[in-house]
Structures are given as C-alpha cells and as structure tokens.
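Notes for the structure review
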Amino acid sequence: MNALDMVIFNLMGALTAMVPLVLTSVGAAVSERAGVVNIGYEGILLMSAFFGAIFAEMGGNAWIGMLGGAFIGMLFGMLHGAITVYLKGDHIIPGIGINLLALGVVAFGITAVWGTAGQHQVAIKMAKWYTPYGPVSPMIFITILITLVTHWVLFKTPLGLRIRSVGENPEAADALGINVEKYRFWATVYGSLLAGLGGAYLSVDWLGTVTKDISSGRGFIALANMVFSGWNPINALFGGFLFGFFDNLSIWVRTNPSVQNIVPWQFVATLPYIVTIVIVAGVIGKVRPPKADGKPYKRE
Amino acid sequence: MNGKNFLKPFMESIIAVTIGVLVGAIVLAFSGYSPLEAYKALLDGALGSKYGIALTLSSATPIMLTGLTFAISARTGIFNIGAEGTVYFGAIAAIAFTAAFANPLMGLLGGILFGAAWSLPAAFLKVYRGVHEVISTIMLNWIAFFGALYIVLGPLANPNDPNKTISVPESARLGLILKETDLSWGFVIAVIAALLSYYLLWHTVLGYGMRASGYNERASKYGGINPKLAIIWSFVIGGIMSGLAGAVEVMGRPPSYAISQGMANIHGYGFDGIGVSLVGRNHPLGIILSGIFFGMLKAGATSMQIEAGVPLEMVKVVQGIIVVAVAVPGLWDLVKNLFGRGRQ
C-alpha cells in the first residue's frame, strides 16, 4: 500500500467511524438546545448495540436491527425526559444510572441470550458497497442526511425556533404560550433515538459483533464533539469526522505490525481519548452553551 | 441531623432498592430464570455463612472507598466519575511500592500518592479550562485503562505466571480479621476513611468551604471561600480514596494479592462506587450502609450463578435499576401519595 492509498484508506475509515459519533452529537445538540443535558448516551449506545443485534437476528434483516436500536434509544430518551422534564429531577444522575444499567444489561444479556461470555458475532450483516479502500455503508449517507435535515429544522423552521427558545429562555417561551415541557421532552427523545441508531450501527453494521464494552466511551466523545461544534449539527458532522479519524486511526495502527514494534498498542489506543481532552480544553470559552442548558424549568 | 431529615432520604433509598429488586425479578423471569431461586441463592451466598458475611464485607471495602470519591466531589458540586481509572493506578502503586519496601504502610502510601496524582489532570482541566469533569474523567478512565494494562503486562508482569502481576510480598499484606475468609483489615480502613470524610465535610473549615461552594459557588465566593481551591481539594481527596481502594484490594484480598491479566479483579469498582454513593445519599455514613448492601450483591453473585444458573452480571442490572430509581426526585412523596397517606 503506497502513501496515498494509505491516506485514502484512513479517510474512508474515518467516514465509517464517524457515524455513531455524529448521530449522537447531533441528537445531543438538539436535546441540549432544548435545555436537557443527557450523559446517558454511552449507555444508550451500548444497549442499542445489544438490542439492535437481537432485533436484526430475529427479523433477519439489518435494517430491522437499526430501527430496533433507534426504538430502544427512544425508550431511554422517554425515561430520561420523564425524570428531568416532568419530574424536574437532576439532569446528570439519570444518565449515570442509564450508563450503569447498560453495563449490567449488556453483560448479562450476552450470556443470557447467546450463552457466550462477553462477545457475540452478529449473524446478520448490513449490505454495503465494497471499494478497494474498504466497505462503504449506506448509513454514512443517512447520517449526513439526518444531520442536514436536523440542522435545517433547528435553525430555519418555527419548530426549531421553539426548540431553541425553551433551552435558551424557558420563561419567555412559556409566556409566549409555548409548551416548554412538551418541546423539551421530545427533543430529549429525539436525541436518544439518534444515539440508539448509532448504537445499532456499531454492532449490526460497522463492527459486526456485540461486546460488553462496544461503546468504548463513544457516547462521551460525542458529547465532547457536541461542545466542540458549538451545539451546531453541521459543525458536529465535521467534528465527528475529525474524532472518527482518530478513532479509526487507533484501531488501524493497533493492527499494523510495522507500527506495533515501535509504539506499544496500549499507547495508541489512548489516542482518541487524549485528542478529545485536548480539543475540548482548547475550544472552551470560544463556544457558548444554551443558556438554560441542564436547568429544570418550573413554572413560578 | 434530626430524625425527620434522616427518614426521608433513608426511605427513598429503601424504595429505590425495592424497585431495583422487583424490576430485577421481572428481568429474571423474562430471561427464563426463577427470581425466587436466584435471590435465595444470592442471599445464601452473601449472608448464609461466616464465610459469606466476610465476603460481603470484603466486597464492600473497595466500593465504599470509591463511593467516597463520588460523594466528596458531589458535595462540592462536581460529578467526579474518575474513580475507575484511579483504582487501577492505586493498585499498581501498591504493588510497585511494596515490591520496593515490603511494608504495608508503604503500599498504602503508594495508593494515596498515585490516587492523588491521577486526580489532578481532571481537577486542573475543570478549574483552569472549564472542561466538564464528566467528559474529562471518563476520557481519563480510558487512558488509565490502557496505561495500566501496559504496566500490568510489562514492568509489573509476573515472570512465573503470565496471568497476573507480581504479588504483594507477604510481609506487606494486610492481615485477615477472620481466618480462612476474605475479610482483611482493609474493611476497617474503609470505615475509618468514611468516618474521616464525614468529619472533614461537616466539622472542618475546608469541608465547610467545599460544601458551600457545592451549594452555591457565587455565594461562597462572597463569603470569602475560594471555590477553585475547594474543587481541587475535592478531586485530590477523592483521588486518595479511590487510590486507597486499589491498594487495599491488592494488599488485602486473598488469594492472589496481585492484579490479574486484563485487570479483571480490580475492574468496575469505580462505577460500583457511584451507585454506592447515590444510594447512600452522598453521605459518608450512608455510604457505609449502602456499601455493605452492594457488597452483599457482589458477594452473592457467584453463588447465584453456581446454584441458580443466573449469569452473575445480573446483580449489575439490579444495581443500575436502583441508581435510575434513585434519580427519580421525590420518590418518597410519590409512594406516599400512591398509598393515600399524604392526603392529610
């Protein structure tokens, strides 16, 4: 493989790796634009990867798996929305709970469903285009489409204006007759639904396997990408490509014997996490979160 | 602390635990297991014998300490979920320090120093760059995981056994409280750490400053408290607790007194600690109780797997449901209204 091929190969890999990050970041951006913080995306990715694989194998079709993953994401979005929006609970703790729950459900579920410990090869595969530089999944285009549509709705339609208003100034939105709770709740559900789609993509499409740590921090990297992109879906697409590049690179380098001899693979594996910290530390102060982000709204 | 203030959070935790056990039973039934058999085997394994009770208390030891990490930060208004990675380095430090000095105090010191040191990056990122601690601590957990894996497989690898690191030398191990059980003096260290944390938070100037800045950062500033310093201290003291958790685990847990390959025997304590802290209402004394409860779940998990055939990860499902239930605000009032007692 010559140098140019190698570059193209890794850029294609970045497109593949960006899908779950972009979907989650775009979903998180909508949720936080409406004022609801959710740190449970890590758990949602993990559980949707698990249940998505079950749906795919039961339905005999990869797309059923994708929809099943989105459905699971939606359910947990409703749970988070009910606690934070309607019961006015803390925004961080339910997310921690969902993440802990996912660790148990998936580790338990893999053994209970397939009888194997910690890992299962998914029997159903997503149909892809095969190129000399690796496979291209239709989910890449769907992700781009979802990002563009979400961006358009968020910034160019009355619906988007209402979503942003309940996260920016819920008192004013309420005074104008906007149902703050309704918009916050469904924005939260939408965010988790996209994360669910990204989770199913991990198992049914990209990696083709379910493991008990398949999300590997991607839910949090996606949140970092959301901050990096200034809560803006199109920026999150480019940011997701950047984060995806390092995610893919660490996997690629780890399996590349010529590099393995120079740098221990464990050090290469830390790359996506170090990059995330450096990038977030670099952009803070240059971006501004929605004003009422993470603040429960109670009518006076 | 008067009786009324104590009752409500206590009842809410009890309700959350009940919900966790009940929903867990539904999950068990749906997965084709008998919930009664499973829970009976669990209780039997955890409380049915002297060995079981000792195992419960020794399982409670590290998660009480990591629970303190979360609680101390939560009282300062910070969500420090970096205990997981800190435990790894605490364990590594204990092995390295005892290999050099063969003295238990040096092992504990190693855990304390490494724990404090590994807590600093997230503290500085928070205070000086405003990076949200949830993101930074999770990223640092992963960095710690791979870094520790490198050390476990490399510098500390056991030349005679590829499945684990070198062991803590016998003279540096923590003694057992009960012979032929897993219960070492590490449990006492964890309880003392909880009592000291309580004293720190409610009976010292530093603790007052930490709680004040957690309650209202701006107001505490007017009161002459430096919230940045309070946050750094909460990270450092929290780091010491989970560093100790790792050290105590390898120095006090028979039979291997080492870190196993892939770090399986020190994995997950940081996340368990979050649940312990939340169910213990982020209060050091509550953490002693909830730590023992979660220790019971962990201790009983193995016998549940052997006797009822239920995968031992089931207890993590119950744990997760409990934490989600704890996140529901006003649980006690909800239940009271449900049973019609709240009408008067």
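Only a predicted model underlies this, so the values are computations on that prediction, with no experimental measurement involved. (Residues numbered from 1 in each chain as written. Chains lettered and ligands numbered in written order. Predicted model: local features only at pLDDT ≥ 70, side-chain atom pairs only at ≥ 80, totals over all residues.)

Before going further, it helps to spend a moment on the overall build of chain B. Along chain B, the regular secondary structure elements total 14 helices and two strands. In terms of overall size, chain B behaves like a compact globule, its C-alpha atoms giving a radius of gyration of 20 Å where 344 residues would be expected to give roughly 20 Å. By its C-alpha atoms, chain B is 70 × 60 × 35 Å across when sized along the principal axes. Counting the 344 residues in chain B, one finds 57% classified as buried. Look at the contacts in chain B between residues 6 or more apart in sequence, and 76% of them connect residues 24 or more apart. (Helix = DSSP H or I, 4+ residues; strand = E, 2+ residues; numbered from the N terminus. Rg over C-alpha atoms; globule rule 2.2 N^0.38 Å. Buried ≥ 20, exposed ≤ 12 C-beta atoms within 10 Å, placed from the backbone. Contact = placed C-beta atoms within 7 Å.)

This brings us to helix 3 (residues 62-86) of chain A. Here helix 3 of chain A contains 25 residues, and its C-alpha end-to-end distance of 35 Å stays within 8% of the 36 Å for a straight helix at 1.5 Å per residue. Backbone geometry just after helix 3 of chain A places A:Lys88 at a positive phi near 60°. (Expected span 1.5 Å × (residues − 1).)

What follows deals with the nonpolar core. If you look at the biggest cluster of nonpolar residues, it comprises 204 residues, and the most contacted ones within it are A:Val204, A:Leu223, B:Met64, B:Tyr88, B:Ala91, B:Leu244 and B:Val250. Per-element tally for this core: the top contributor is helix 8 (residues 180-206) of chain A, with 15 residues. Here B:Tyr88 is in contact with B:Ala144, B:Phe145, B:Ala148, B:Gly246, B:Met263 and B:Ile266, once residues within four sequence places are set aside. (Core = buried A, V, L, I, M, F, W, Y, C linked by C-beta atoms within 7 Å.)

Before going further, it helps to examine the interface of chain B and chain A. Between chain B and chain A, the contact holds 34 residues from the first and 38 residues from the second. Those elements giving two or more residues to the side of chain B that touches chain A turn out to be helix 5 (104-129), helix 6 (133-153), helix 11 (269-279) and helix 13 (314-327) of chain B. A total of eleven residues in the side of chain B that touches chain A trace back to one element, the largest contributor, which is helix 6 of chain B.

Turning next to the environment of B:Phe145. Residues and elements named next belong to chain B. Considering the arrangement of structural elements, one finds Phe-145 in helix 6. A sequence separation of 168 residues divides Phe-145 from Glu-313, and the C-alpha atoms of the two residues are 21 Å apart. Once residues within four sequence positions are removed from consideration, Phe-145 is found in contact with Gly-85 and Tyr-88.

This part is about unusual backbone geometry. Residues and elements named next belong to chain B. Residue Pro-254 is joined to Pro-255 through a cis peptide bond whose omega torsion reads 5°. Tracing the sequence through the fold places Pro-255 in the loop between helix 10 (227-252) and helix 11. Phi at Glu-180 takes a positive value of approximately 60°, unusual for a residue other than glycine. A positive phi angle, close to 55°, is found at Arg-281, a residue other than glycine. By secondary structure assignment, the location of Arg-281 is in the loop between helix 11 and helix 12 (284-308).

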